[in-house]
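One letter stands for each residue in the lines below.
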Amino acid sequence: IHCLELGGNLLVNVGPDGALVDSLLTGSKTTDSAGGYVLSCNGGLVKGCTLAENHSDDAQMIRLAYNSDVQRPGRLVGCVITNNSSFYSFCDFSGAVVVEDCLFEKNNTAYNNGNYPLISLPASAVLRRCRILRNKIQSTLIGCAGWDLTAPPRIENCLIADNVATESEPGYCCYNWSGS
């Protein structure tokens with residue numbers, strides 16, 4: 001799937017009964033903060049896909065969400081996400097989502113605020129067996145929003161290395177910005 005200029009609309013939307021498998025999303029550009037994602041997955045499956053050389057001016061690159069209507073998490077499995085740039089959070093995860101066996105490499109976020117990390121990891125979310133390497137961020141690599149002590153997000157068996165925070169502070173790897 002290739003799109004040179006998206007102009008603010010959603011490029012790919014994977015619903016709760018949908019799947020995007022073994023696909024390449026490249027060369028896309030979004031400009032709309034009201035839903036201008038390159039990829040949105042609400043309870044569906046994205047597996048074995050590559051997202052490369054995409055740019056988001058005023059939105060997140062990837063939105064992965066739990067679909068409460070069908071009680072199903074969005075799943076991102078075995079994907080390669082590389083050489084993309086986003087002004088805000090790169091990956092906006094919402095609810096009990098599952099991200100497994102993915103590579104996040106050489107991506108860039110530009111917004112100078114810890115509230116917009118490369119990966120936004122909410123309560124009950126799982127980040128498992130992923131490699132997060134050589135990304136350039138302004139301040140926070142993984143933001144854990146609203147840690148619920150009864151169902152905290154989990155980072156399991158991941159390799160996180162050689163990432164650069166361009167701001168002198170805070171430069172966190174993981175940061176709970178809810179204050180709870």
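Check the entry above for the structure.
First things first, this report covers the structure right here in the doc. (Residues numbered from 1 in each chain as written. Predicted model: local features only at pLDDT ≥ 70, side-chain atom pairs only at ≥ 80, totals over all residues. Heavy atoms only, no water.)

Here's the deal with the overall build of the protein
Move 1: Within the protein one finds zero helices and 25 strands.
Move 2: Expressed as a percentage of the 180 residues in the protein, the buried residues total 46%. (Helix = DSSP H or I, 4+ residues; strand = E, 2+ residues; numbered from the N terminus. Buried < 20%, exposed > 50% of the residue type's maximum accessible area, 1.4 Å probe, protein only.)

As for the pairing of strand S9 (residues 62-65)
Move 1: The pairing of strand S5 (residues 39-42) with S9 spans four bridges and is classified as parallel. Of the residues in S9, the one forming a bridge with leucine 39 is isoleucine 62.
Move 2: Taken together, the four bridges between S9 and strand S13 (residues 91-94) define a ladder with parallel strand orientation. The residue of S13 that forms the bridge with isoleucine 62 is cysteine 91. (Pairing = 2+ DSSP bridges.)

Details of the sheet that holds strand S6 (residues 45-47)
Move 1: Taken in spatial order, the six strands make up an open sheet running S2-S6-S10-S14-S18-S22, and their pairing is parallel. At either end of the open sheet lies a strand with only one pairing partner, and these are strand S2 (19-21) and strand S22 (154-156). The average angle at which neighbouring strand axes cross in this sheet is 5°, direction not considered. (Axes fitted to C-alpha atoms, helices over the stretch in contact; angles between N-to-C directions.)

Some thoughts on unusual backbone geometry
Move 1: Positive phi values are uncommon outside glycine, yet aspartate 101 reaches one of about 55°.
Move 2: Looking at aspartate 101, the relative accessible area reads 37%, which means it is partly exposed.
Move 3: Phi is positive for arginine 129, close to 50°, though the residue is something other than glycine.
Move 4: For arginine 129, a relative accessible area of 37% translates into the label partly exposed.

Examining the sheet that holds strand S23 (residues 159-161)
Move 1: Read across the sheet, six strands follow the order S3-S7-S11-S15-S19-S23 without closing on themselves; strand pairing throughout is parallel. If you trace the sheet from one side to the other, it starts and ends with strand S3 (24-26) and S23, each paired once. Each adjacent strand pair in this sheet contributes to an overall mean axis angle of 5°, direction not counted.
Move 2: Taken together, the three bridges between S3 and strand S7 (residues 50-52) define a ladder with parallel strand orientation. Paired with leucine 24 across the two strands is threonine 50, which belongs to S7.

Brief notes about the pattern of salt bridges
Move 1: Going through the model one piece at a time under the given rule, you end up with nine salt bridges.
Move 2: In this structure, the salt-bridge partner of glutamate 100 is arginine 75, at a minimum N-O distance of 2.8 Å. Of the two residues, glutamate 100 is situated in strand S14 (residues 98-100) and arginine 75 in strand S10 (residues 75-77); the sequence distance between them amounts to 25 residues.
Move 3: One salt-bridge network, in which partners are shared between bridges, spans Arg75, Glu100, Asp101, Arg128, Arg129, Arg154 and Glu156. (Salt bridge = Lys/Arg side-chain N within 4 Å of Asp/Glu carboxyl O.)

Observations concerning the environment of glycine 48
Move 1: Position of glycine 48 among the secondary structure elements: in the loop between S6 and S7.
Move 2: Among the residues examined, glycine 48 registers a relative accessible area of 28% and is labelled partly exposed.
Move 3: Each C-alpha atom, one on glycine 48 and one on serine 23, is 7.1 Å from the other, the two residues being 25 residues apart in sequence.

Points about the side chain of asparagine 107
Move 1: Topologically, asparagine 107 is positioned in the loop between strand S15 (103-105) and strand S16 (108-109).
Move 2: Those residues within four positions of asparagine 107 in sequence are excluded, and the remaining contacts are Ile81, Thr82, Asn83, Asn84, Phe90, Leu118, Arg134, Asn135 and Lys136. (Contact = heavy atoms within 4.5 Å.)

Here we look at the nonpolar core
Move 1: With 35 residues, the main nonpolar core has Val46, Leu76, Ile81, Val99 and Phe104 as its most contacted residues.
Move 2: Among the elements that make up this core, the one with the highest residue count is strand S21 (residues 140-145) (three residues).
Move 3: If we skip the residues at most four places from it in the chain, valine 46 touches Val14, Leu20, Leu39, Cys41, Arg75, Leu76, Val77 and Cys79. (Core = buried A, V, L, I, M, F, W, Y, C linked by side-chain atoms within 4.5 Å.)

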